Amino acid sequence: MIYFISESYSLCLYQMISVKHTKALQLLFFAVLLALSSCSLFKKDKKNNLPQVSTSVEEIRKVYHATKTRKNDLIHTRLEVSLDWAKRELQGKATLTLQPYFYPTKQVELDAKGMMIKEVSLLDSAGTKKKLVYKYDDKTLNIQLDKEYKRNQAYKIYIEYIAQPENLLEKKIIEKEDQKGLFFINADQKNKIKAKEMWTQGEPESNSCWFPTIENTSEKMTQEIYFTVDEQYVTLSNGLLLSSKSNGDGTRTDYWKHDLPHAPYLVMIAAGDFYVQKDRSGEIPMSYYVEHKDSADVMAVFGNTPEMIQFFSKKLGVPYPWPKYSQMIVRDFVAGAMENTSAVLHAEYVMRSKNELLDSDHEDHISHELFHHWFGDLVTCESWANLPLNESFANYSEYLWIDYKYGREAADYHFVKDLEGYLMESREKKEDLIRYDYKSIDDMFDAHSYNKGGCVLHMLRNYVGDDAFFAALKDYLESNKYKSAEIANLRMSFEKVTGEDLNWFFNQWFLSKGHPVLDISYTYNSASDSIAVSISQKQDFTLSPVFRLPVDIDIYSGAKPMRHKVWLENKSQVFNLPADGKPEWVSIDADKILLCEKTETKNSEEWAFQFAKGKNLIDRYDALAYIIQEKNTPPAVKNDVLIQALKDPFWANRYYALAELDLSNDTLKGELMDVVFKMAVKDSKSLVRSMAIKQIRANFTFEEAETVLKKTLNDSSNLVVASTLRAYYILKGEKNRDEALAIIKTKEFPIQEYITLTIADIYSEQKNDDYYSYYTNTLPYFEAYEQAELVNLFADYLEKQSEKIFFSGLDSLYNIATSDEDTEVRKAAVIGMKKLKTRYDKRIKDLEKDLADNKKITATSYDAKQMQEKIDLLKKQIVKIEEKVAKAIASEKNKELQDFYKSEEAK
């Protein structure tokens with residue numbers, strides 16, 4: 001499963017509003033950068049609530065989540081389900097085939113959350129039902145069998161039920177709204193633009209909200225689902241669609257069968273009015289489900305999937321193991337994506353038009369979910385404590401695909417951002433990768449399981465070599481296919497292939513906390529023509545071990561660097577290495593493989609040499625970062641490196657160098673004017689072009705920039721167009737703002753996140769009732785954080801408008817706060833309403849101050865009465881706003897939001 005969005009997407013979002021970055025957008029940006037990989041934003045309700053580090057051994061040992069004991073083995077699940085859209089319920093009939101796992105048993109315990117149980121029976125071979133006695137506490141269905149069953153003696157349980165996901169949170173059966181398993185989107189079709197659809201989300205333990213099962217990652221079962229829907233809808237589930245039968249009453253029953261065993265959390269169903277694009281990868285049938293409006297762009301988004309399947313199958317030596325592969329884009333998804341076996345769901349942001357793909361794509365997410373079909377679906381972690389066996393591999397698949405398709409530098413940049421995401425989280429908590437002491441299952445879905453795990457696999461691959469790495473993965477997959485595994489299984493496969501005891505590696509990286517923090521320096525001895533390289537480990541040894549690290553060191557003192565391989569095994573070591581004259585640069589961890597923090601004692605000239613001569617992207621990236629961040633870097637050195645970086649072959653270095661340039665220096669401005677203008681128009685990366693426009697609007701006049709801006713206003717990139725609109729607005733100045741606003745009015749711009757949010761931000765600074773409809777017309781097109789930011793800008797706009805528009809907007813915010821399906825959007829609407837109250841608070845204070853300060857006005861005078869009447873009227877208006885806010889907060893059912901409002905009230 002993916003909980004993150006990519007860095008290029010986040011940088012686009014960060015750039016689009018630049019005059020006054022709103023708090024919501026800033027929080028979004030920094031949360032995105034927290035874990036940039038596929039995984040690259042945590043579950044949206046987790047991103048700003050990271051657990052604290054615990055150093056108490058006693059506290060750590062209080063909790064131990066043992067692997068669930070298996071008393072019964074769930075062999076097969078047969079479901080007959082239909083939907084009640086009005087009630088947002090699912091009517092179901094489940095037939096479960098089970099047998100005792102080992103010991104004889106007279107009862108079976110099933111997970112079934114918040115259901116209305118109508119019947120529980122034993123089903124014999126002839127299909128005859130025999131009622132069974134059961135107990136049900138809204139979470140667990142405990143069934144007494146008709147006799148004692150022995151090992152390998154199968155039995156069938158029939159359960160008729162109604163799943164009621166909308167009641168689960170209120171009844172405190174689940175803790176969060178995103179755990180309800182079954183989601184009806186726009187069921188009442190109040191939003192005429194938004195699609196009506198339903199889908200399920202099972203991971204980690206939510207499928208028991210819509211069918212009785214055994215929620216255990218070690219459980220493996222086959223399944224068949226008879227799914228009845230209205231005729232106009234298409235359906236998707238695991239496995240193959242074997243038949244579709246019209247029922248003659250406006251409904252149709254689709255029969256989906258999945259013959260290969262997989263874990264219950266991977267079961268899914270979905271339905272809606274989707275466009276379905278067929279495709280193939282060799283003999284594997286494929287399909288992509290999107291809204292009809294997106295049909296022209298579907299292949300631009302998913303078109304590389306067949307090649308991905310072939311690449312991963314060949315790389316792993318294990319062919320894609322399932323009978324089909326489908327991907328579906330859904331609205332209001334509770335995560336980034338989910339690897340349901342052969343039927344992946346993606347959040348709406350993955351769907352991009354061809355133009356939008358110029359700014360950012362999510363191919364890393366697509367590869368992530370596909371790779372799960374080997375690591376997670378074919379071989380499943382045997383407990384949530386072992387989740388990195390699923391997510392670390394899916395995370396690393398992103399690196400593998402990017403390296404294969406787009407080159408090593410693009411892959412290394414992805415690695416850097418994964419590492420940065422983990423290191424940022426590690427400041428708040430340090431955990432074992434494999435950990436049985438988590439507070440909740442959701443805590444496992446973090447930058448440790450994803451980012452750190454992927455980086456650890458990268459190191460393991462580098463240590464054992466490519467051939468051994470992929471041979472070991474093949475052995476692991478083939479030895480454990482259609483079963484579950486724990487970390488020891490992976491280690492044993494690597495030991496089987498390499499012949500080496502790898503406990504040292506697995507113990508320090510998978511079963512220990514933290515990472516190496518290295519302090520590095522070196523000195524040259526001319527007498528012996530040698531280099532003394534000193535490396536010390538500085539991590540907190542009460543939490544982390546002394547790491548054993550293979551380190552490659554390159555010494556740059558001749559025509560070619562000299563490579564030395566050393567082992568760092570102690571807290572502090574000095575390595576005396578031969579040199580060929582005084583080195584210009586010593587590269588520690590030469591291929592930039594290690595997961596670590598490094599502090600290197602180098603001067604600015606050495607960092608500049610590293611940027612100029614570094615053989616890989618990370619060398620240049622690290623050097624550029626130092627030059628930018630170090631306050632004592634001489635200006636001449638800094639400018640020289642930044643100017644070099646403007647020509648760097650990799651876009652990110654050009655982007656960061658461009659962002660850092662100080663063009664207030666007239667000499668530098670004159671020297672680089674043509675360079676920056678050319679980059680705004682011709683750079684191959686839209687992010688870089690957009691940053692060039694940002695520099696132009698900050699440092700040049702409209703007359704100087706007009707020719708360039710006319711070109712960039714017609715750029716194929718939406719981000720560049722949005723940046724250009726912002727530039728027009730700023731460079732035109734206060735006197736000529738109407739000219740900039742006229743461009744927005746006369747040119748037909750698409751409703752698209754970067755452009756729409758930029759226009760909404762510009763309009764939010766204007767006092768003009770006419771712009772009201774822009775917000776109300778565009779809001780329905782967005783969801784999640786984009787819609788939340790648009791709501792925030794809408795509130796900013798309303799503060800400046802007439803009473804009529806102000807209170808009409810207040811009603812709109814109230815409707816959003818009480819009816820939108822996304823918690824972040826509802827929260828933004830409530831915050832927006834509270835923000836509107838400040839308008840009246842300020843006016844009252846100003847009037848009261850005027851009344852108190854004006855000594856010529858007596859308390860009984862006509863002027864005083866008029867002012868007091870105004871104050872009283874304003875207070876009545878405040879009461880109206882407060883009533884709306886109170887009603888919106890009282891209607892909120894989400895516990896996290898309730899707690900948030902309480903904490904805000906307490907402040």
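Residues numbered from 1 in each chain as written. Predicted model: local features only at pLDDT ≥ 70, side-chain atom pairs only at ≥ 80, totals over all residues. Heavy atoms only, no water.

Tell me about the overall build of the protein chain, and please be specific about residues and values.
Helix and strand content of the protein chain: 29 helices and 29 strands. Taking 907 residues into account, the globule formula puts the C-alpha radius of gyration at 29 Å, and the protein chain, at 30 Å, falls close to it. Each of the three principal axes of the protein chain carries a C-alpha extent, and together these read 95 × 90 × 55 Å. Here the protein chain, with 907 residues, has 59% of them falling under the buried criterion. Look at the contacts in the protein chain between residues 6 or more apart in sequence, and 70% of them connect residues 24 or more apart. Of the roughly 37200 Å² of accessible surface on the protein chain, 49% is carried by carbon and sulfur atoms. Averaged over its 122 positive side-chain charges, the protein chain has a centre that lies 3 Å from the centre of its 139 negative ones. (Helix = DSSP H or I, 4+ residues; strand = E, 2+ residues; numbered from the N terminus. Rg over C-alpha atoms; globule rule 2.2 N^0.38 Å. Buried < 20%, exposed > 50% of the residue type's maximum accessible area, 1.4 Å probe, protein only. Contact = heavy atoms within 4.5 Å. Areas by Shrake-Rupley, 256 points an atom, 1.4 Å probe, with all protein chains shown as cover. Lys, Arg positive; Asp, Glu negative; His and termini not counted. Charge placed at Lys NZ, Arg CZ, Asp CG, Glu CD.)

Which residues make up the pattern of salt bridges, and what are the values?
Within the structure shown, the criterion is met by 59 salt bridges. Across the pair Lys 884 and Asp 811 runs a salt bridge, and its minimum N-O distance is 2.9 Å. Here Lys 884, found in helix α28 (residues 862-891), pairs with Asp 811, found in helix α26 (residues 803-819); they are 73 residues apart in sequence, far enough to count as distant. By relative accessible area, which is 35% here, Asp 811 ends up partly exposed. Taking the shortest distance from any N to any O, the salt bridge between Glu 824 and Lys 827 comes out at 3.8 Å. (Salt bridge = Lys/Arg side-chain N within 4 Å of Asp/Glu carboxyl O.)

Report on the packing of helix α8 (residues 388-406) against helix α9 (residues 408-426), specifying residues and quantitative values.
Orientation of α8 relative to α9, taken along the N-to-C sense of each, is 155°, at an axis distance of 7 Å. Overall, the two elements α8 and α9 adopt an arrangement that is roughly antiparallel. Judged by residue contacts, Asn 395, Glu 398, Tyr 399, Ile 402, Asp 403 and Tyr 406 of α8 engage Arg 408, Ala 410, Ala 411, Asp 412, His 414, Phe 415 and Asp 418 from α9. Residue classes in the contact of α8 with α9 are distributed as 6 nonpolar, 2 polar and 5 charged. (Axes fitted to C-alpha atoms, helices over the stretch in contact; angles between N-to-C directions. Parallel < 35°, antiparallel > 145°, perpendicular 65-115°, else oblique. Nonpolar A, V, L, I, M, F, W, Y, C, P; charged D, E, K, R; others polar.)

Please set out the sheet that holds strand β26 (residues 562-568) residue by residue, giving values where relevant.
Taken together, the 3 strands give an open sheet; going across it, the order is β26-β25-β28, and neighbouring strands pair in antiparallel fashion. Sheet topology places β26 and β28 (585-588) at the edges, where each strand pairs with a single neighbour. The sheet shows a mean angle of 25° between the axes of neighbouring strands, taken without regard to direction. Judged from the 4 bridges that link them, strand β25 (residues 549-556) and β28 form a sheet pairing that is antiparallel. (Pairing = 2+ DSSP bridges.)

Report on the side chain of Ser 392, specifying residues and quantitative values.
For Ser 392, the location among the structural elements is in helix α8. Overall, the relative accessible area of 1% leaves Ser 392 in the buried class. Look past the residues within four positions of Ser 392 in its chain and what remains in contact with it is Ser 449, Tyr 450, Gly 453, Gly 454 and Leu 457.

Would you mind going over the nonpolar core in detail, with residue names and values included?
Grouped together as the largest cluster of nonpolar side chains are 227 residues, with contacts concentrated most on Trp 374 and Phe 494. It is helix α25 (residues 784-798) that provides the largest number of residues to this core, a total of 10 residues. In contact with Trp 374, not counting residues within four places along its chain, are Ile 309, Phe 312, Ser 313, Leu 316, Val 318, Pro 319, Tyr 320, Pro 321, Val 379 and Leu 477. Formed by 41 residues, the second largest nonpolar core is a distinct cluster that contains Leu 79, Leu 83, Trp 210 and Phe 227. (Core = buried A, V, L, I, M, F, W, Y, C linked by side-chain atoms within 4.5 Å.)

So, the state of the cysteines: which residues are in play, and what are the values?
Applying the stated criterion across every chain yields a total of 0 disulfides. In this model Cys 455 remains outside any disulfide bridge; the closest cysteine sulfur is found in Cys 596, 10 Å from its own. For Cys 455, a relative accessible area of 1% translates into the label buried. Its relative accessible area of 7% is what places Cys 596 among the buried residues. (Disulfide = S-S within 2.5 Å.)

Any chance you could break down a nonpolar patch on the surface for me, citing the residues and the numbers?
A surface patch of nonpolar side chains, amounting to about 380 Å² of accessible area, comprises Tyr 101, Phe 102 and Tyr 103. Relative to the helices and strands, Phe 102 resides in the loop between β2 (89-100) and β3 (105-111). On the accessibility criterion, Phe 102 (43% relative accessible area) is partly exposed. (Patch = residues over 30% accessible without salt bridge, like charges linked within 9 Å, V, L, I, M, F, W, Y side chains within 5 Å.)

Give a detailed account of the packing of aromatic side chains, specifying residues and quantitative values.
Overall, the coordinates contain 60 aromatic pairs when judged by the stated rule. With centroids separated by 4.3 Å and ring planes inclined at 10°, the aromatic side chains of Tyr 226 and Tyr 255 adopt a geometry described as stacked. Of this pair, Tyr 226 sits in strand β11 (residues 221-230) while Tyr 255 sits in strand β14 (residues 251-262); the two residues are 29 residues apart in sequence, bridging distant segments of the chain. Between the aromatic rings of Tyr 396 and Tyr 399, the centroid separation amounts to 5.5 Å while the plane-to-plane angle is 10°, which identifies the pairing as stacked. On the criterion of helical spacing, the pair formed by Tyr 396 and Tyr 399 is a turn pair, its members being 3 residues apart in helix α8. When its relative accessible area of 3% is taken as the criterion, Tyr 396 is described as buried. Tyr 399 sits in the buried class, given a relative accessible area of 4%. Taken together, the aromatic side chains of Phe 311, Phe 312, Tyr 320, Tyr 325, Phe 371, Trp 374, Phe 375, Phe 393, Trp 401, Tyr 404 and Tyr 476 make up a single cluster linked through ring pairs. One Lys or Arg, Lys 571, reaches over the ring of Phe 541 and ends 4.4 Å from the middle of that ring. Between Lys 669 and the ring centre of Phe 700, over which it is positioned, the NZ or CZ distance is 4.9 Å. (Phe/Tyr/Trp six-rings, centres within 6.5 Å; stacked < 30°, edge-to-face > 60°. Lys NZ or Arg CZ within 6 Å of the ring centre and 35° of its normal.)

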